[in-house]
Amino acid sequence: MTQPDLDIRSVTIDDAGELLTLRRAAFVTEAQQYGDPHIPPLTQTLEELQEDLQADGVITLGGWYGHRLVGSIRMLIEGPKATLGRFAVAPDLQGQGFGTQLLMAILPHLPEGIEEVWVFTGRDSVHNLALYAKHGYEHQHDQTAGDLTYAYLRKILGDGEPTA
């Protein structure tokens, strides 16, 4: 059975409440895995999220399945580099291809001149690491922040991957 396509588009300020709910639901399992209920996706307020959605250099895409926001991914643009973050899929739909669709959708939304895309995830988040590796992201280094160790991965964009 093939997974239906998501309607992937920019998240607007009007979607902020739904996005906050999605992220909190999606990141609970990550927080449980690391024994830390205070990870940023779980502590961000609605006001902070609204500010982030309007910030310069931030692009947030959402994936809608029917009328439901089921996934999102955030991109921070810094010169020739984009950093992915807050990548979330509704827990009841994980493992069905929605995350892959979102990850593949970022390239056409990146501004011209982006040469590399970075992403970080918990070093022990095996499923996340496998997804990124499958799509050409290569482990670069680990970095510890508090009690958590993050793996940083990078994908160099080539001629076959236009960014605009």
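Residues numbered from 1 in each chain as written. Predicted model: local features only at pLDDT ≥ 70, side-chain atom pairs only at ≥ 80, totals over all residues. Heavy atoms only, no water.

Q: How do you make sense of the overall build of the protein chain when you look at a structure like this?
A: A count of helices and strands for the protein chain gives five helices and seven strands. Ordering the α and β elements of the protein chain from the N terminus gives β-α-α-α-β-β-β-α-β-α-β-β. In terms of overall size, the protein chain behaves like a compact globule, its C-alpha atoms giving a radius of gyration of 15 Å where 164 residues would be expected to give roughly 15 Å. Structurally, the protein chain occupies a C-alpha span of about 40 × 40 × 35 Å along its principal axes. Burial status across the protein chain gives 45% buried among its 164 residues. For the protein chain, the computed accessible surface area is about 8,900 Å², with 51% contributed by carbon and sulfur atoms. Treating the 11 positive side-chain charges of the protein chain as one cloud and the 23 negative ones as another, the clouds have centres 4 Å apart. (Helix = DSSP H or I, 4+ residues; strand = E, 2+ residues; numbered from the N terminus. Rg over C-alpha atoms; globule rule 2.2 N^0.38 Å. Buried < 20%, exposed > 50% of the residue type's maximum accessible area, 1.4 Å probe, protein only. Areas by Shrake-Rupley, 256 points an atom, 1.4 Å probe, with all protein chains shown as cover. Lys, Arg positive; Asp, Glu negative; His and termini not counted. Charge placed at Lys NZ, Arg CZ, Asp CG, Glu CD.)

Q: Got a minute to help me understand the pairing of strand 4 (residues 81-89) in this structure?
A: Sheet faces and side chains relate simply in a regular strand, where the side chains alternate between the two faces. Burial within strand 4 is extensive, with seven of its nine residues counted as buried. Of the pairings in the sheet, the one linking strand 3 (residues 68-78) to strand 4 comprises seven bridges and is antiparallel in character. Across the sheet, residue Ile-77 finds its bridge partner in strand 4, namely Ala-82. As consecutive antiparallel partners, strand 3 and strand 4 are separated by two residues, and within that stretch Gly-79 has a phi angle of approximately 60°, a positive value. Each parallel crossover has a hand, and the one from strand 4 via helix 4 (residues 98-109) to strand 5 (residues 116-122) is right-handed. (Pairing = 2+ DSSP bridges. Right-handed = clockwise from strand over helix to strand, strands pointing away.)

Q: Explain helix 4 to me, please; I cannot follow it from the model alone.
A: For an α-helix, 3.6 residues make a turn, and residues three or four places apart therefore share a direction. Over its 12 residues, helix 4 runs 17 Å from end to end, which matches the ideal 16 Å to within 8%, given 1.5 Å per residue. Where helix 4 is buried, its residues contact strand 1 (7-10), strand 2 (58-65), strand 3, strand 4, strand 5 and helix 5 (126-134). (Expected span 1.5 Å × (residues − 1). Contact = heavy atoms within 4.5 Å.)

Q: I tried to follow the sheet that holds strand 3 on my own but got confused; where do I start?
A: Sheet strands pair by backbone hydrogen bonding; their relative direction is either parallel or antiparallel. Strands sit in the order 1-2-3-4-5-7-6 across an open sheet of seven strands; the sheet is mixed. Of all the strands in the sheet, the pair left with one neighbour each is strand 1 and strand 6 (138-145). For this sheet, the mean angle separating the axes of adjacent strands, direction not counted, is 25°. The pairing of strand 6 with strand 7 (residues 148-156) spans seven bridges and is classified as antiparallel. Looking at strand 7, one finds that Thr-144 is bridged to Thr-149. (Axes fitted to C-alpha atoms, helices over the stretch in contact; angles between N-to-C directions.)

Q: Explain the environment of Gly-79 here, please?
A: With respect to the helices and strands, Gly-79 occurs in the loop between strand 3 and strand 4. The spatial distance from the C-alpha of Gly-79 to the C-alpha of Ile-114 is 7.3 Å, given a sequence separation of 35 residues.

Q: I tried to follow the pattern of salt bridges on my own but got confused; where do I start?
A: Any two side chains of opposite charge can pair, on the condition that their charged atoms come close. Tallied over the entire structure, the rule returns five salt bridges. As a salt-bridge pair, Arg-68 and Asp-92 come within 2.7 Å of each other at their nearest N and O atoms. Residue Arg-68 is found in strand 3, and its partner Asp-92 is found in the loop between strand 4 and helix 4; the two are separated by 24 residues along the sequence. For Arg-123, the salt bridge identified is with Asp-142, shortest N-O distance 3.9 Å. Of this pair, Arg-123 sits in the loop between strand 5 and helix 5 while Asp-142 sits in strand 6, placing them 19 residues apart in sequence. You can call Arg-123 partly exposed: its relative accessible area is 42%. For Asp-142, a relative accessible area of 35% gives the class partly exposed. (Salt bridge = Lys/Arg side-chain N within 4 Å of Asp/Glu carboxyl O.)

Q: What's the story with the packing of aromatic side chains in this structure? I'm lost.
A: In this description, a pair of aromatic rings is defined by centroid distance and the angle of the planes. For the coordinates displayed, the defined rule picks out five aromatic pairs. Taking the centre distance of 6.2 Å and the plane angle of 40° together, the rings of Phe-87 and Tyr-132 count as tilted. With Phe-87 in strand 4 and Tyr-132 in helix 5, this pair connects stretches of sequence that are 45 residues apart. What makes Tyr-132 buried here is its relative accessible area of 4%. (Phe/Tyr/Trp six-rings, centres within 6.5 Å; stacked < 30°, edge-to-face > 60°.)

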